[in-house]
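Chain residues, written in single-letter form:
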Amino acid sequence: MHPVKHITVVGWRCLPMAVVLLFCATAFAQKKSSCIECHARLDDPRLSAPAKLFSNDIHLARGLSCNDCHGGDPNADTKESAKDPRKGYLGKPKTSDSPAYCGKCHSDANLMKRFNPSLRVDQEREYYTSVHGKLLKTGEQRVATCISCHSVHGIRAVNDPLSSVYPSNVAETCGKCHGNADYMRGLGIPTDQYVKYKTSVHAKALYEKQDLSAPTCNDCHGNHGATPPGIASVANVCGQCHARQAELFQTSPHKAAFDQKLLGECITCHSNHAIAAPGDHMIGTQQGALCINCHTNGDRGFVAAGRMRSQIDQLIGAISKSNDILTQAERAGMEVSRPKFEMKEATDALTHARVLIHSSSAVEVDKVVAPGLAASVKGYQAGIGALAERRFRRQGLAVSLVFILFLALLVYLKVRQIESRQKESAGDAH
């Protein structure tokens, strides 16, 4: 083969390999980050920590790096070249600039579709409607911004249990500021919310039962548009989860009275951050009941509260009495599984009655208590019947045993009689 032709053929054959090598070299060059390489070696923890934290950052996992936020040239080998303003170097942004800084990407719908199409792109706009955003515009520097909640270089996905905004970590994240009396001084905001929340029924569900659907700070206050609910909206906030109770309250006599006196619909009885588990002690006219905080002896509300508490106590007593007799029968060996199962109708009625308290109507409560009492009576009668059957069986068994013993005695006497005759016959033979 002619030398030139041979070289040409070899060249064409080698071209694909050269393209691959060139692509790999380019890709390698793009992945190079002199920012991380340099900062990771620095002795000052303030400068080295960001590089180390970034290894777990969600942005790095999605292919982004330092220069996507800070600008500059990550391929440069010198500090001066890497931080050259002509290469777009921006440096460290001020805390007050972080909403706009993060918003450059997170408000760009086309860009976010490349990474996670499900992410909202209105967080920055919503942030400026929040108490935090409004105060930031006035020049207040202590307010929370994006990095206050999500951190900076170690930002994790919201569904990562180690994320600062994972449901079980939200209260601690908010509490860093809102639980610090010195930090919050002069803002006129209480700093005991976190401590109170930790004692609440919501916190117990979240931390002890690991129920991630239990409400924490942002479920009630919002996150990017964080705003404390006012008197007119607090019921809507609670009603997101407690829909039936909210619906009943809206049609109750309390609705107009609370509006007139500018009382918070749910928090007047249940508090806000230190919400305790509801109990029957809250309803009624006895000492410690919430109803007597507003109602006095003799008024319609006082009478209704006393009647509702009496109805509930009556049903509780009937259920307890029926369960006790059925348990006694079961321990005695009687089959009572069906009546025990049917007692669920009574316990369901009790649950329903407790919810209907929010209607403030003793008539409505009585409508569900009555069937519950009927189911309890039926269960009690089944228990009595089972125990009566047990006594009948025992009496029958006793009579049977006596009869069997009597027959055994007759047989014994007959045997002795036969043996006696045999002995007499043997004596006569001799």
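You'll find the structure just up there.
Residues numbered from 1 in each chain as written. Predicted model: local features only at pLDDT ≥ 70, side-chain atom pairs only at ≥ 80, totals over all residues. Heavy atoms only, no water.

A.B. asks: Looking at this model, I keep getting lost on the overall build of the chain. Mind explaining?
C.D. replies: What the chain contains, in helices and strands, is 24 helices and zero strands. A compact globule built from 430 residues would reach a C-alpha radius of gyration of about 22 Å, whereas the chain, at 40 Å, exceeds it by more than 25%. The buried share of the chain, reckoned over its 430 residues, is 27%. Pairs at least 24 residues apart make up 54% of the contacts formed inside the chain by residues separated by at least 6 positions. Total accessible area on the chain is roughly 28,100 Å²; 60% of this is exposed by carbon and sulfur atoms. With 51 positive and 40 negative side-chain charges, the chain shows a spacing of 2 Å between the two charge centroids. (Helix = DSSP H or I, 4+ residues; strand = E, 2+ residues; numbered from the N terminus. Rg over C-alpha atoms; globule rule 2.2 N^0.38 Å. Buried < 20%, exposed > 50% of the residue type's maximum accessible area, 1.4 Å probe, protein only. Contact = heavy atoms within 4.5 Å. Areas by Shrake-Rupley, 256 points an atom, 1.4 Å probe, with all protein chains shown as cover. Lys, Arg positive; Asp, Glu negative; His and termini not counted. Charge placed at Lys NZ, Arg CZ, Asp CG, Glu CD.)

A.B. asks: Quick question: what am I supposed to make of the pattern of salt bridges here?
C.D. replies: As a working rule, side chains carrying opposite charge can pair if their charged atoms are close by. Scanning all chains against the criterion turns up 20 salt bridges. Taking the shortest distance from any N to any O, the salt bridge between Glu172 and Lys198 comes out at 3.7 Å. Placement of the pair is Glu172 in helix 12 (residues 170–178) and Lys198 in helix 14 (residues 193–198), with a sequence separation of 26 residues. By relative accessible area, Lys198 is classed as partly exposed at 36%. Close ionic contact of Arg309 with Asp313 constitutes a salt bridge, the shortest N to O distance being 3.0 Å. Here the residue Arg309 and the residue Asp313 both occupy positions in helix 21 (residues 300–331), the gap between them amounting to four residues, near one helical turn. (Salt bridge = Lys/Arg side-chain N within 4 Å of Asp/Glu carboxyl O.)

A.B. asks: What am I meant to see in unusual backbone geometry here?
C.D. replies: If a residue is not glycine, its phi is most likely negative; likewise, a peptide bond is most likely trans. Despite not being glycine, Leu262 has its phi angle at roughly 55°, a positive value. Tracing the backbone shows Leu262 in the loop between helix 19 (253–260) and helix 20 (267–270). Of note, Ser360 is a non-glycine position whose phi angle comes to about 60°, a positive value. Structurally, Ser360 is set in the loop between helix 23 (344–356) and helix 24 (362–429).

A.B. asks: Sorry if this is basic, but what is going on with the packing of helix 21 against helix 23 here?
C.D. replies: Between helix 21 and helix 23, the shortest axis-to-axis distance is 10 Å and the interhelical angle comes to 160°. On the basis of their axis angle, the class for helix 21 and helix 23 is roughly antiparallel. The two elements helix 21 and helix 23 cross, and the hand of that crossing is left-handed. Contacts between helix 21 and helix 23 pair Ile312, Leu315, Ile316 and Ile319 from the former with Ala346, Thr347, Ala349, Leu350, Ala353 and Arg354 from the latter. (Axes fitted to C-alpha atoms, helices over the stretch in contact; angles between N-to-C directions. Parallel < 35°, antiparallel > 145°, perpendicular 65-115°, else oblique. Left-handed = near helix turned anticlockwise from the far one by under 90°.)

A.B. asks: How should I be thinking about the side chain of His202 in this particular structure?
C.D. replies: In this structure, His202 sits in helix 15 (residues 201–208). Once you skip the residues sitting within four places of it in the chain, His202 turns out to touch Tyr197, Ala214, Pro215, His242 and Ile275.

A.B. asks: What is the right way to read the environment of Lys367 from this model?
C.D. replies: On the secondary structure map, Lys367 appears in helix 24. Take Lys367: its relative accessible area is 52%, and that puts it in the exposed class.

A.B. asks: Sorry if this is basic, but what is going on with helix 18 (residues 243–250) here?
C.D. replies: What sets the pattern is the α-helix's 3.6 residues per turn: residues three or four places apart point alike. Here helix 18 has its buried residues at Ala246, Leu248 and Phe249. Mapping the buried residues of helix 18 onto a view down its axis gives an arc of 165°, with all of them on the same face. The inward-facing, buried residues of helix 18 abut helix 17 (234–239), helix 19 and helix 23. (Arc of directions from axis to C-beta.)

A.B. asks: Is there a simple way to explain a nonpolar patch on the surface in this structure?
C.D. replies: There is a patch of nonpolar side chains on the surface, built from Phe403, Phe406, Leu407, Leu409, Leu410, Tyr412 and Leu413 and spanning about 690 Å² of accessible area. Looking at the secondary structure, you find Leu410 in helix 24. (Patch = residues over 30% accessible without salt bridge, like charges linked within 9 Å, V, L, I, M, F, W, Y side chains within 5 Å.)

A.B. asks: Got a minute to help me understand helix 12 in this structure?
C.D. replies: Residues of helix 12 that are buried include every one of Val170, Ala171, Thr173 and Gly175, and no others. Packing partners of the buried residues in helix 12 comprise helix 11 (146–150), helix 14, helix 15 and helix 16 (217–221).

A.B. asks: Would you mind showing me how to read the packing of aromatic side chains here?
C.D. replies: Centre distance and the angle of the planes are the two values used to describe a pair of aromatic rings. Across all of its chains, the model carries two aromatic pairs by this definition. Each ring, one from Tyr127 and one from Tyr128, has its centre 5.3 Å from the other, and the planes form 75°; the classification is edge-to-face. For the ring pair Phe249 and Phe258, a centre distance of 5.3 Å and an interplane angle of 75° mean the geometry is edge-to-face. Phe258 matches Phe249 in its accessibility class, with the two residues each being buried. Over the face of the ring belonging to Tyr207 we find Lys198, whose NZ or CZ atom lies 4.0 Å from the ring centre. (Phe/Tyr/Trp six-rings, centres within 6.5 Å; stacked < 30°, edge-to-face > 60°. Lys NZ or Arg CZ within 6 Å of the ring centre and 35° of its normal.)

A.B. asks: I keep staring at the packing of helix 18 against helix 23 and nothing clicks. Help me out?
C.D. replies: In a pair of packed helices, the angle between the axes and the distance between the axes together describe the arrangement. At a minimum axis separation of 9 Å, helix 18 and helix 23 run at an interaxial angle of 50°. The pairing of helix 18 with helix 23 is recorded here as oblique in orientation. Listed contacts from helix 23 to Arg244, Gln245 and Leu248 of helix 18 are His352, Val355 and Leu356. Looking at side-chain class alone, the contact of helix 18 with helix 23 contains three nonpolar, two polar and one charged residues. (Nonpolar A, V, L, I, M, F, W, Y, C, P; charged D, E, K, R; others polar.)

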